[in-house]
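# Structural description and commentary
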Amino acid sequence: MNHKRIWELMGRKLAGEASAEELQELGSLLRAHPDLHFPVEAIMDIWKTDPGADDQAAGEDAHRRLISRMQEKGIDIGLSFEEQQTAIFQLEAQERKSWWRYAAAAVVAGGLIAAAWWWRPVGKPASPLALNEVVTKNGSRTAVHLPDGSQVWLNAGSKLTYNKDFGNGNRDITLTGEAFFEVAKNAEHPFVIHTTRMDVKVLGTRFNVRAYPGEKVTEAALIQGSIEASLHNRPGERIILRPAEKIVVTDEKIQQENTKGNEPVMEVRHLTYYEENKAAIVETSWMENKLVFRDESFVSLAARMERWYGVTIRFSDPQLEQLRFTGVFAQETIQQALKALQMTAVFNYSIHGTDIIINQ
Amino acid sequence: MAHGNEIKEWQRRISLYDDELAYKELFLHCYPPLLKFAVSFVKVAEVAEEVVSDVFISLWERRRQLEEVNNLQVYLYVSVKNTALKYLFKQKKQVSITIDDLSVELASPHQNPEQQLLTTEMMERITAAIEGLPPRCKVIFKLIREDGLKYKEIAEILNISVKTIDNQLAVALAKIARALNVQLKKPVR
């Protein structure tokens, strides 16, 4: 009786470990042992496990607990924009509560402390060094909740700077890169965004500002409400935008280098949509985790892909920079994205860590 | 759990792009088997979850080096094992633990509904036979059948030889066959 060898080979077969020779050996052994046909068949039948056994919801719950444990440890992870918003609101609500408790205690204590607090000179300039700075690396984004109740979503490779006393009489903020703003209404204190080429003044609204250094254009796209833009090189002019409009400012220096030279310095355009649906707005698509591009040159798309994926992209041949693409990336990895681009244009690429070279 | 390519892709995305979505997918994919594996050491579900969660936290914190990991699945199992052992050591419940101390819960066998080869009574016999396997045999049986791991991977995870795996699985199958053979003496259908 060589049953032990049979079960060993059966095990290998079931585990997908058996070689062709071993399968042959098992076959001939089984032919010599017809008494084992039934148990062998039965074991093969019950070997497969029930696929419905795993509880998907339990995994989701465990993942949620994992992320909150990580956040408690101070690890920067796990805040989708929506979740982060609620998380910040909760934090804010708690802070406010404790502030009220403090104020109430002060009043009870004789009103002196509270009075001192209220009588603090208004509009006293904060120390010039007292700046808050929020920076996002390439490949990552964040949401910022400002003291005045406004909300800012900062896209990759961007920086937001504001005074420590922001919201206390002034609402001035400086942006390099791209951000979406949801500005809290406050008619007395306009919210002003400063960029290298243009300032945007608002009273309360939702809009997107894009001002990446090295990019030819600076733009502000309005979703709701109204905003007022002024260009640094035309201080007297005020451009008022209506919803679904955007202002596009072209850098003059870069423009002069451009042989065409007939692009306007500033123009107001309508927002573009990447689907029939008017909710699918190209200018704010990054908020939905989408990288949308329409008839965009490879060199400019590559700059956005660098920020999106946190990679560097170089062209070995300047001709390739002029290829044009239209499309949307959502869940794609950088490799899948490049492969998709290869379907419409002829180029090759090589990846070394986070360095990508595009060549013929 | 044998989706090698998918796991490789998640691993790459986590390591290179801090991709939280890939991290989540990897977690959801690996959590059920790793949790059961952890339970076989620490016995308590809540503790087991903490063990798996610790492993995933350190994975995220060391994500830059993650590309160097050859087989992420094996890495995760080994990390769960080590973290569970560390926990047991700290609790001083057990100073040393071998695979023979593991308590393994197996998914109950279920047969292809179209074939209905086996009677309810036979299924019960098989279940009893599997339940009666020694722990070492059970854990190997489980890692192969339920988790879809390769012999070499299991050898690395449990620190045993491939030959042991061959033997243990053969023992398990022989036992199941014996449970069935008792029935064979009567007409089956």
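All values reported here derive from a predicted model rather than from experimental measurement.

What follows concerns the environment of Ile160 of chain B. All names here are of chain B. With respect to the helices, strands and loops of the structure, Ile160 is situated in the loop between helix H7 (151-158) and helix H8 (162-184). With 61 residues separating them along the chain, Ile160 and Ile99 place their C-alpha atoms 9.6 Å apart. Excluding its chain neighbours within four sequence positions, the residues that come into contact with Ile160 are Ala155 and Ile165.

Residue-level contacts link 40 residues of chain B with 36 residues of chain A. Counting only elements with at least two residues in the side of chain B that touches chain A, the list comes to helix H1 (4-17), helix H2 (20-42), helix H3 (45-61), helix H6 (135-145) and H8 of chain B. With 10 residues, the top contributor of residues to the side of chain B that touches chain A is H8 of chain B. The class makeup of the residues in the side of chain B that touches chain A is 24 nonpolar, 6 polar and 10 charged.

All names here are of chain B. Where H2 contacts helix H4 (residues 72-91), the two axes come as close as 9 Å, and the packing angle between them is 30°. At the point where H2 passes H4, the crossing takes the right-handed sense. Between H2, through Cys30, Leu34, Phe37, Ala38, Phe41 and Val42, and H4, the contact on the second element is made entirely by Leu76, Tyr77, Val80, Lys81, Ala84, Leu85, Tyr87 and Leu88. Looking at the contact of H2 with H4 residue by residue, the class counts come to 13 nonpolar, no polar and 1 charged.

This next bit is on the pairing of strand S18 (residues 355-359) of chain A. Each regular strand shows side chains that alternate between the opposite faces of the sheet. Residue and element names in this part refer to chain A. By the alternation rule, side chains of S18 split into Ile356 and Ile358, which are all buried, and Asp355, Ile357 and Asn359, of which none is buried. As defined by bridge partners, strand S15 (residues 312-315) adjoins S18 across 4 bridges and the pair is classed as parallel. Within S18, the residue paired with Ile313 across the bridge is Ile356.

Time to look at the environment of Ala128 of chain B. Residues and elements named next belong to chain B. Tracing the backbone shows Ala128 in helix H5 (residues 120-131). Among the residues examined, Ala128 registers 11 C-beta atoms within 10 Å and is labelled exposed. In the structure, Ala128 is positioned 51 residues away from Ala179 in sequence and 8.8 Å away in space, judged by C-alpha atoms.

This part takes up the packing of helix H4 (residues 56-72) of chain A against H3 of chain B. Two elements in contact, H4 of chain A and H3 of chain B, have axes whose closest approach is 10 Å; the angle formed by their N-to-C orientations is 55°. Taken together, the axes of H4 of chain A and H3 of chain B lie oblique to each other. Like other packed secondary-structure pairs, H4 of chain A and H3 of chain B cross with a definite hand, here right-handed. Here H4 of chain A contributes Ala62, Leu66, Arg69 and Met70 of chain A to the contact with H3 of chain B, which in turn contributes Glu49, Ser53, Phe56, Ile57 and Trp60 of chain B. Here the residues of the contact of H4 of chain A with H3 of chain B sort into 6 nonpolar, 1 polar and 2 charged.

In a regular helix each residue adds 1.5 Å, so 12 residues correspond to 16 Å; helix H8 (residues 298-309) of chain A covers 15 Å between its end C-alpha atoms and thus fits that length. Most of H8 of chain A is tucked away, with 9 of its 12 residues classed as buried. Contact partners of the buried residues in H8 of chain A: strand S14 (291-297), S15, helix H9 (318-321), strand S16 (324-329) and helix H10 (334-342) of chain A together with H1 of chain B. One or two positions beyond H8 of chain A, positive phi appears at Gly310 of chain A, with a value near 70°.

The next subject is the confidence of the model for chain B. Residues and elements named next belong to chain B. Mean pLDDT over chain B: 84, with 86% of residues reaching 70 or higher. In the predicted structure, residues 184-189 sits below a pLDDT of 50 and forms 1 contact with residues beyond four places in sequence or in another chain. This complex was scored by the predictor with a pTM of 0.50 and an ipTM of 0.85.

Residue and element names in this part refer to chain A. An order of S15-S18-S17 is seen for the 3 strands of this open sheet, with the pairing classed as mixed. The sheet terminates laterally at S15 and strand S17 (348-352), the two strands that pair on one side only. Direction aside, the axes of adjacent strands within the sheet are offset by 20° on average.

Rules behind the numbers
Residues numbered from 1 in each chain as written. Chains lettered and ligands numbered in written order. Predicted model: local features only at pLDDT ≥ 70, side-chain atom pairs only at ≥ 80, totals over all residues. Helix = DSSP H or I, 4+ residues; strand = E, 2+ residues; numbered from the N terminus. Contact = placed C-beta atoms within 7 Å. Nonpolar A, V, L, I, M, F, W, Y, C, P; charged D, E, K, R; others polar. Axes fitted to C-alpha atoms, helices over the stretch in contact; angles between N-to-C directions. Left-handed = near helix turned anticlockwise from the far one by under 90°. Buried ≥ 20, exposed ≤ 12 C-beta atoms within 10 Å, placed from the backbone. Pairing = 2+ DSSP bridges. Parallel < 35°, antiparallel > 145°, perpendicular 65-115°, else oblique. Expected span 1.5 Å × (residues − 1). pLDDT = per-residue confidence, 0-100.

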